[in-house]
Amino acid sequence: MDDPLTIGGTKLHSRLVLGTGGATSLEVLERAILASGTEVVTVALRRVTDTGPGSLLDVTTRTGVHLLPNTAGCYTATEAVQVARLGREAFETDWIKLEVIADERTLYPDPVELLDAAEQLVDDGFTVLPYTNDDPILATRLAELGCAAVMPLGSPIGSGMGICNPYNLTIIREQVEVPVILDAGVGTASDAAIAMELGCDGVLLASAVTRARDPEAMATAMRHAVEAGRLARRAGRIPKRFYAQASTTDQGRPDLLGPDAPTAEA
Amino acid sequence: MPIEINGRTRELETPIMLGELIDAEVTDRRGVAVSLNGEVLPRSDWDTTTVDDGARIEVVGAVQGG
């Protein structure tokens, strides 16, 4: 089934974006990237410590994935805009996963700084993918500013608590025209499937794979979960109902016991 | 003449090109970005920009991150 996700004019055939944070080695990471089937991975920028050959970029080049630099660790719009510009220069991409956090304990986004940074980066020609609260109003504002997608959290980064407020995600999906990518909180495969069933266009996850006991196996599970959730969404689930509805007809049921058979009440 | 590169202070005898300083930090310029006094400097300017007294330089590259 050809069902690509288009972000900023780029067609992606996998709806899973893999974060690279937390992998115990580059070998483990490479196997997870391949198993996940992803076409986009996130990277962060930090001061160089020259580790010589065998770098993260070798892994991303070998696996042929797009790079999505992030602004992890930024607390202000000014800093995030600077880091985004460094990312554009380093990786020759105008894609940026915009993170402007407010608080170390929750790692929740700072909505005021986030909007400010998003506006500056959109004006500067970036393809902005903001990590946002699961607030439909904020997500709408980000989309209206010209962000290429919105990426609401399911629960706090690295918490593995899944999707705490599915209703907000449903509202966000209804309200914005751009792709909605669930970002943060996925703990296991069913969380990713639920995100897609709710109508998300993609899922971004890192820790659930990189910190799993077997990252390669979990990456495979996530690939299937995202595909399954997407297919289920498109297929159209049955409505929930309170009472049973027999799937087998009563019509033509044979009378095997005759008229004198005891009834259930007897 | 003191400069600061990635938070470390260095003494330079004479002004040098930024590109020389970057090559002292990394063996491969691929995936590297540089800011000079808070401004991101395009790669094409690295070898034509002189590092002046008191310059503050950040040299960054890719690390794993969500």
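On a predicted model such as this, the values are computed, not experimentally measured, just so you know.

Caption draft 1: Examining the overall build of chain B more closely. Secondary structure assignment for chain B yields one helix and seven strands. Ordered by position from the N terminus, the helices and strands of chain B form the series β-β-β-α-β-β-β-β. Against the globule reference of 11 Å for 66 residues, chain B gives a C-alpha radius of gyration of 12 Å, in line with a compact fold. Each principal axis of the C-alpha distribution contributes one length, and for chain B these read about 40 × 25 × 20 Å. With 66 residues in all, chain B has 44% of them scored as buried. Relative to all contacts within chain B whose residues are 6 or more apart in sequence, the contacts with residues 24 or more apart total 50%. Per element, the accessible surface of chain B, about 3300 Å² overall, is 47% carbon and sulfur. Mean positive and mean negative side-chain charge positions of chain B (6 and 13 charges, respectively) differ by 7 Å.

Caption draft 2: Structural detail: the interface of chain B and chain A. Between chain B and chain A, the residue contacts involve 26 residues of the former and 33 residues of the latter. Summing both sides of the interface, chain B and chain A together bury roughly 2200 Å²; the carbon and sulfur share of this comes to 54%. There are two salt bridges connecting chain B and chain A. Ionic pairing is found between Arg-30 of chain B and Asp-58 of chain A, a salt bridge with its closest N-O pair at 2.9 Å. Listed by contribution, the elements that provide at least two residues to the side of chain B that touches chain A are β4 (32-36), β5 (39-41) and β7 (56-64) of chain B.

Caption draft 3: Molecular detail of the pattern of salt bridges. For the coordinates displayed, the defined rule picks out 17 salt bridges over all chains. The residue Lys-97 of chain A makes a salt bridge to Asp-183 of chain A at a minimum N-O spacing of 3.2 Å. Here Lys-97 of chain A is found in strand β6 (residues 95-98), whereas its partner Asp-183 of chain A is found in strand β9 (residues 181-183), with 86 residues between them in sequence. Asp-183 of chain A shares its class with Lys-97 of chain A; the two are buried. We note a salt bridge from Asp-23 of chain B to Arg-29 of chain B, for which the minimum N-O separation is 2.9 Å. Look at Asp-23 of chain B and you get partly exposed, because its relative accessible area is 42%. Each member of the salt-bridge network shares a partner with another, and the members are Asp-3, Arg-15, Arg-230 and Arg-234 of chain A.

Caption draft 4: Main features of the packing of helix α7 (residues 189-197) of chain A against helix α9 (residues 215-235) of chain A. All names here are of chain A. Direction vectors running N to C along α7 and α9 enclose 25°, while the axes themselves pass 7 Å from each other. By the angle class used here, α7 and α9 are roughly parallel. Here α7 and α9 pass one another in a crossing that is right-handed. Only Ala-221, Met-222, Ala-225, Val-226, Gly-229, Arg-230, Ala-232 and Arg-233 of α9 make contact with α7, whose side of the interface consists of Ala-189, Ala-192, Ala-193, Met-196 and Glu-197. Taken together, the residues of the contact of α7 with α9 break down into nine nonpolar, one polar and three charged.

Caption draft 5: Main features of empty space enclosed by the protein. Residue and element names in this part refer to chain A. This structure, assessed with the given rule, holds one cavity of 30 Å³ or more. Reported here for the largest cavity is a volume of approximately 30 Å³. Together, Ile-7, Leu-12, Val-17, Val-40, Leu-68, Trp-95, Leu-129, Met-151, Ile-181 and Leu-204 line the largest cavity. Considering only residue class, the lining of the largest cavity consists of ten nonpolar, no polar and no charged.

Caption draft 6: Here's a closer look at the packing of aromatic side chains. Residues and elements named next belong to chain A. The final tally for this structure, using the stated rule, is one aromatic pair over all chains. Plain terms: the ring middles of Phe-242 and Tyr-243 are 5.1 Å apart, the flat faces sit at 90° to each other, and that makes the pair edge-to-face. Assessed through its relative accessible area of 65%, Tyr-243 is described here as exposed. A cation over an aromatic ring shows up here: Lys-97 above the ring of Tyr-131, its NZ or CZ 5.8 Å from the ring centre.

Caption draft 7: Geometry of unusual backbone geometry. All names here are of chain A. One non-glycine residue, Glu-92, lies in positive phi territory at about 50°. Within the element layout of this structure, Glu-92 appears in the loop between α3 (77-91) and β6. Phi is positive for Leu-107, which is not a glycine, with a value near 55°. Checked against the element boundaries, Leu-107 lands in the loop between β6 and α4 (111-123).

Cut-offs and rules
Residues numbered from 1 in each chain as written. Chains lettered and ligands numbered in written order. Predicted model: local features only at pLDDT ≥ 70, side-chain atom pairs only at ≥ 80, totals over all residues. Heavy atoms only, no water. Helix = DSSP H or I, 4+ residues; strand = E, 2+ residues; numbered from the N terminus. Rg over C-alpha atoms; globule rule 2.2 N^0.38 Å. Buried < 20%, exposed > 50% of the residue type's maximum accessible area, 1.4 Å probe, protein only. Contact = heavy atoms within 4.5 Å. Areas by Shrake-Rupley, 256 points an atom, 1.4 Å probe, with all protein chains shown as cover. Lys, Arg positive; Asp, Glu negative; His and termini not counted. Charge placed at Lys NZ, Arg CZ, Asp CG, Glu CD. Buried area = accessible area lost by both parts, 1.4 Å probe. Salt bridge = Lys/Arg side-chain N within 4 Å of Asp/Glu carboxyl O. Axes fitted to C-alpha atoms, helices over the stretch in contact; angles between N-to-C directions. Parallel < 35°, antiparallel > 145°, perpendicular 65-115°, else oblique. Left-handed = near helix turned anticlockwise from the far one by under 90°. Nonpolar A, V, L, I, M, F, W, Y, C, P; charged D, E, K, R; others polar. 1 Å grid on protein atoms, 1.4 Å probe; cavity = no way out; pocket = protein on both sides within 12 Å on 5 of 7 lines; lining within 4 Å. Points joined across faces, edges and corners; volume = space filled by probe spheres on them. Phe/Tyr/Trp six-rings, centres within 6.5 Å; stacked < 30°, edge-to-face > 60°. Lys NZ or Arg CZ within 6 Å of the ring centre and 35° of its normal.

Just geometry here; none of it tells us what the structure is for.
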